[in-house]
Each structure stands twice: as C-alpha cells, then as structure tokens.
Amino acid sequence: MRSFSEFDPIAVTIWFFSVIGIAMFSGHPLVMSISLAGAILFFIVRNGLRHGRSHLFFLILFIVLALANPIISHNGATVLFVLNNAPVTLEALLYGINSAAMIVGVLYWFRSFTQIMTSEKVLRIAGAISPKLSLILSMSLRAVPMFAHRAKQVSDAQKAMGLYNDDNIIDDLRGRMRVFSIIATWALENGIITADSMTARGYGTGRRTQLRRFRFSSSDAAFTLVTLALLGVSAAAVASGALDFNFYPHIEADVKGAAGISGAAAYGALVLLPVIIETEVSIRWKYLQSRI
Amino acid sequence: MIVIRNRDLRSVIKVAVPFIIVPLLTFAGSVVFDQKRHIIISLAIAVMALLLFAAGFERKTTGSRRLVIVSVMTALCFAGRFIPFLKPISALTIITALYLGGEAGFLVGAMTAVLTNFYFGQGPWTAFQMLAWGLIGFIAGLLAEPLKRKKALLLIYGALAGVGYSLIMDIWTVLWYAEGFSVKLYLGAIVTAIPYTLSYAVSNVLFLAVLAKPFGEKLDRIKTKYGV
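It should be emphasised that the depicted structure is a prediction, and the values quoted were computed from it without experimental measurement.

A.B. asks: So what's going on with the overall build of chain B? Which residues, and what values?
C.D. replies: Each helix and strand in chain B was counted, giving ten helices and zero strands. If you list the helices and strands of chain B from N to C, you get α-α-α-α-α-α-α-α-α-α. Taken across its 228 residues, chain B has 44% of its residues classed as buried.

A.B. asks: Residues and numbers for the overall build of chain A, please.
C.D. replies: Assigned secondary structure in chain A consists of nine helices and two strands. Secondary structure of chain A in N-to-C order comes out as α-α-α-β-β-α-α-α-α-α-α. In terms of overall dimensions, chain A is more spread out than a globule: its C-alpha atoms have a radius of gyration of 26 Å, far above the 19 Å expected for 292 residues. When the backbone C-alpha atoms are referred to their principal axes, chain A occupies close to 75 × 60 × 45 Å.

A.B. asks: An account of the pairing of strand E1 (residues 79-83) of chain A is needed here, citing residue identities and associated values.
C.D. replies: Residues and elements named next belong to chain A. The element E1 is barely covered by neighbouring structure, given that only zero of its five residues are classed as buried. Taken together, the four bridges between E1 and strand E2 (residues 86-89) define a ladder with antiparallel strand orientation. Looking at E2, one finds that Leu-83 is bridged to Ala-86. Counted between consecutive antiparallel strands, the loop separating E1 from E2 contains two residues, among which Asn-84 sits at a positive phi close to 50 degrees.

A.B. asks: Describe the environment of Ala-68 of chain A, with residues and values.
C.D. replies: Relative to the elements of secondary structure, Ala-68 of chain A occurs in helix H3 (residues 52-72). When the C-alpha positions of Ala-68 of chain A and Ala-100 of chain A are compared, they lie 9.4 Å apart, and in sequence the two are 32 residues distant.

A.B. asks: Pulling in residues and values, what's your account of helix H4 (residues 89-100) of chain B?
C.D. replies: Three or four residues apart is the spacing at which side chains of an α-helix point the same way, because the helix has 3.6 residues per turn. Residues and elements named next belong to chain B. Counted at 1.5 Å a residue, the expected span for H4 with its twelve residues is 16 Å, and the 16 Å between its end C-alpha atoms agrees. Among the twelve residues that make up H4, twelve are buried, leaving the element largely enclosed by the rest of the structure. Listed in full, the buried residues belonging to H4 are Ile-89, Ser-90, Ala-91, Leu-92, Thr-93, Ile-94, Ile-95, Thr-96, Ala-97, Leu-98, Tyr-99 and Leu-100. Of the residues flanking the end of H4, it is Gly-101, one or two places downstream, whose phi is positive at about 100 degrees.

A.B. asks: I'd like a rundown of the packing of helix H8 (residues 218-239) of chain A against helix H9 (residues 257-290) of chain A, residues and numbers included.
C.D. replies: Residues and elements named next belong to chain A. H9 packs onto H8 with a crossing angle of 145 degrees between their chain directions and a minimal axis gap of 8 Å. Where H8 crosses over H9, the handedness of that crossing is left-handed. Between H8 and H9, the contacting residues are Val-226, Thr-227, Leu-230, Leu-231, Val-233, Ser-234, Ala-236, Ala-237 and Val-238 on the first element and Ala-259, Gly-260, Ser-262, Gly-263, Ala-266, Tyr-267, Ala-269, Leu-270 and Leu-273 on the second.

A.B. asks: Could you give an account of the confidence of the model for chain B, naming the residues involved and the relevant values?
C.D. replies: Scored by pLDDT, chain B has a mean of 80; 79% of the residues are at 70 or more. Among the prediction metrics, the complex's ipTM stands at 0.76, with pTM recorded as 0.76.

A.B. asks: Pulling in residues and values, what's your account of the interface of chain B and chain A?
C.D. replies: On the side of chain A, 39 residues touch chain B, which itself brings 41 residues to the contact. Among the elements of the structure, helix H2 (38-59), helix H3 (64-80), helix H5 (102-120), helix H8 (151-178), helix H9 (183-192) and helix H10 (194-226) of chain B are those that each provide at least two residues to the side of chain B that touches chain A. When its residues are assigned to classes, the side of chain B that touches chain A shows 27 nonpolar, eight polar and six charged.

A.B. asks: Go over helix H6 (residues 125-142) of chain B, please, and point to the residues and values.
C.D. replies: Between its first and last C-alpha atoms H6 of chain B spans 25 Å; for 18 residues at 1.5 Å apiece the expected length is 26 Å, and the two agree. Burial analysis of H6 of chain B places 17 of its 18 residues in the buried class, the great majority of the element.

A.B. asks: Can you break down the packing of H4 of chain B against H10 of chain B residue by residue, with the values?
C.D. replies: All names here are of chain B. Between H4 and H10, whose axes approach to 7 Å, the crossing angle comes to 35 degrees. When you trace H4 past H10, the crossing you get is right-handed. Contacts from Ser-90, Ala-91, Ile-94, Ile-95, Leu-98, Tyr-99 and Leu-100 in H4 reach Tyr-200, Asn-204, Phe-207, Leu-208, Leu-211, Ala-212, Phe-215, Gly-216, Leu-219, Asp-220 and Lys-223 in H10. Tallied by class, the residues present in the contact of H4 with H10 amount to 13 nonpolar, three polar and two charged.

A.B. asks: Got a sec to walk through unusual backbone geometry? Specific residues and values, please.
C.D. replies: The phi dihedral of His-51 of chain A is positive, around 60 degrees, even though this residue is not glycine. A count of 15 C-beta atoms within 10 Å places His-51 of chain A in the partly exposed class.

A.B. asks: So what's going on with the environment of His-51 of chain A? Residues and values would help.
C.D. replies: By secondary structure assignment, the location of His-51 of chain A is in the loop between helix H2 (29-47) and H3. For the pair His-51 of chain A and Asn-75 of chain A, spaced 24 residues apart in sequence, the C-alpha to C-alpha distance is 38 Å.

A.B. asks: Go over the environment of Val-238 of chain A, please, and point to the residues and values.
C.D. replies: Residues and elements named next belong to chain A. Along the chain, Val-238 turns up in helix H8. Taking the C-alpha atoms as reference points, Val-238 and Ala-92, separated by 146 residues in sequence, lie 22 Å from one another. Val-238 has contacts with Ile-22, Phe-25, Ser-26, Leu-243 and Gly-263, leaving out every residue within four places of it along the chain.

Definitions and cut-offs
- Residues numbered from 1 in each chain as written.
- Chains lettered and ligands numbered in written order.
- Predicted model: local features only at pLDDT ≥ 70, side-chain atom pairs only at ≥ 80, totals over all residues.
- Helix = DSSP H or I, 4+ residues; strand = E, 2+ residues; numbered from the N terminus.
- Buried ≥ 20, exposed ≤ 12 C-beta atoms within 10 Å, placed from the backbone.
- Rg over C-alpha atoms; globule rule 2.2 N^0.38 Å.
- Pairing = 2+ DSSP bridges.
- Expected span 1.5 Å × (residues − 1).
- Axes fitted to C-alpha atoms, helices over the stretch in contact; angles between N-to-C directions.
- Left-handed = near helix turned anticlockwise from the far one by under 90°.
- Contact = placed C-beta atoms within 7 Å.
- pLDDT = per-residue confidence, 0-100.
- Nonpolar A, V, L, I, M, F, W, Y, C, P; charged D, E, K, R; others polar.

Right, here's the structure in full:
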C-alpha cells in the first residue's frame, strides 16, 4: 500500500478536481461543511500541527469573508440590527459564512494539492495533453536556478573589476540593471545553442520520456474508479437539485429525499478517501516497526 | 487532440476563440443556467480556451529555437515575479509579443502564470491568470506594428493592460464569492484592489519604459543572427 501522495498523478488530480468541483458547484451548507472540515483534516493528517501561521491566516480570511456579505448585501427577511440606516440580516450573514466556508475550504484543498503535485508530476500530466507546452514548462523551471547562478557569477565579476559597489543606491541599481541585461543576452544566446543541441540530438523525433517512471497500476485504477463512482452520485444529487439551498428571502434548509442524503454521504466518503488511505498506511507502518 | 488542417480556418479560429466564442459562451451560460453556475462556466471556458490554444500550438511545427526562446522569456518573467510590489511579467510578455508575435506572447504569459503558482499556490485562479496574461500578450502581438512605432502608445497599452488584468481578476473574485455577478460586490472588489491595480499599471509602464528598447534590441538581434 502506498501513501496517497505516491499514487499516480492522474489519479490524484482526478480526485482533487472531483472534491473541489463539487465544493465549488454545490453551495449547500452541508457540502460546504464537509469540504471545509475534510480539507482541514486532510491538511493536518499530512502536515501534523505545523503551519500554524497558515491556519491563522485562513481563520482571519474566513472571518473577513463571512462578514463582508452582510455589510454589502441587505437581502433577507430577518433583520438582526440596523447599521448606518442599512439592515443587517441573518440570511446575509449565513450566506457570507457559507461562501467563506467554500472559499477557505477550496484554498485548503489547493494548498494540499500544491504540496502533493510537485512540478514533476504536473509535467507528467501536461505532457499527456501537450508535450511542447510541457517542454517549455520544464525548461523554464530548469532555467531559473541556472540564471540565478549565472547572475551571481556576473555580479561577482563586475564587482571584482570595480564596475559597481552596492553602498551607493544609484550605482547599485545601475549595476543590477547591467547584470540583468547581460543575463538576458546570455540567456537568449545560450537558449539558441541549447535548441541547436536538442535538434542535433534528435529532439522531436521520438516520444518524450520522464525522469521518474510513472505507472498507472491496478490500485490507481481502483482508486480512480471509486473516486468517479462517488463523484457520479454526488454530482447527480447536485445536478438534480436535491442539494439546492435558498438563503433569500427565507432560509429553506432541507436535504431533499434519498438523492440528497446519498449525495452528501457520497461526497463525505469521497473527501475521506485519502485520509483513510493515509491512516491505514501509517497504522501498518507503526505495526511493522513494532515487530522489528 | 483536435486536428484542424485548413490554414484559413485555423487562423479564423485563432481570432474567434478569444474574442467571439468565449464571451458568447459566457453570456449563453449565464442565460441558460441560473446564477450559481457562473463560476463553473467561466472556469470551464477559461480551461477550454487554453486547451484549444494548446491543441493549435501542438499541431504547428514550431522550431525548437522558438520554443527555447519562449521558455527563456518565461524563466525571466518567473524570476521577476519575486520582486516585491513591482511585477515585470506583463511588460516582458508584451515585449516578447511585439518581437516574436502574439502566439509567443500568449505562451509566455500563460506559462508564467502556471510556473509562478508552483510557489505562490495553484488554485482555480490559475486558469484565469493564464488567460488574462496570455491575452495581454496575444493582443500586444496583434497591435505590434503601431506599438513598436510609438513609445507613448506602448506605455498606454501597458497601463491599460495592468488595469484590465486587475478588472478581469476582480470579476473572478466576485463570481467566486457570490456565485453570481453582483455589480455592488464588483465595485467593492475594485475599490479594495486599487493598490494592486495601481501597482500593476505602474510596474507595466515603468518596466516597458526601461526594458522595451534594450530587450527589443536583444530579441531583434537574436532574430537576425539566428533567424528564429
């Protein structure tokens, strides 16, 4: 059993986009709560209790977003109080909280997505869609540290020759501009040489290979199938209106019928899938360690 | 991927997708579906436009030299996004578009959005940033001749591009928050984004004023020396 982040990037991406898609599409408070709670749980399962700053930032963002709506929108029947001659309503406040839960939830999901989907994995997916774009991406990724290294060399050489010193702001700025200009010229020329070298070695004549081997194994397939099945159930519930929710003018809160309940349950299961996998893996790991 | 062999048809599609089909679909989407679906529709359209572009690009026999130049410019933009407050991305995208054509401009803008978001965080906004920056480059490519001739026009275009970028991203913010377009929220978003809008516009003008000539010379030189 592999941990969730070791699954094939395609399987991981399908799962993330399913979870995020439903969270953005539905708008039902129950789904929002599942998404937000699941996203935080997933983040904590993967990172432990580190990243306290991120949590604080998300908390502040949540409060700001939740309060923004009742201040701007005055729809809704239940007036809580009047502020500057404008009514602040309960419905608008709840709507704001709901929107905030959606946005902060999706932000958490994407935070985890960025952690798991390293650039190498994204290149694998981009390569499946467009090998050329994927090549541009990977070459740029490689070029950045190369430029930084080169810039340091050029700047050192210029300083050694006494061309600029950095205690004078104007001199420093002009020196930096000169270094940047040198780097740009060099980068373009160097790029042409790289391109010629690529052509000489047969770029474009065969299929592009990857640094790491990715194999879409049977467990990836099983995971993807389960993901798609759960996505199907919850998407059907959202599309049929079983998970609709009206805030204005009155709150009509109900999960309609079996479709709504099964949709929310399926979404819950979908969200928890990787947490279950991670937990299973860590339990097995501890068990194996305990026997050494 | 989709193969379009007819050259005329391809060039028509290239112009029609960003300027006619995308706005039309957005409009149709907002009429057919109720407000809630705005965000999904706009996202789907952004992704579709990008995919169509990728498909067209994939079909073309682009020389490896051109590819590498685009990736070098992307890397330079990437490095530029770490400068605090001032962002040279749009300026460099525009310069690339002026000298290497609209397609290269679109690529540099769109690819920079993906790349930098590996550091700043990917999100649903990535697609919109790709489209916004890409279009800034693409339109600059279409207007290349007048922009190259008159520096004042170039600076005005840079300022407009900065403001336009901010306005597009604000639409997205509102759609995401309210699940439907609200003018009031949009105005609110614009007001809170004023510092950013200003910083975009100012950095575009500043970097275009400083970089347009030297960078243009460099790209022109490469073009004549190697015939890219």
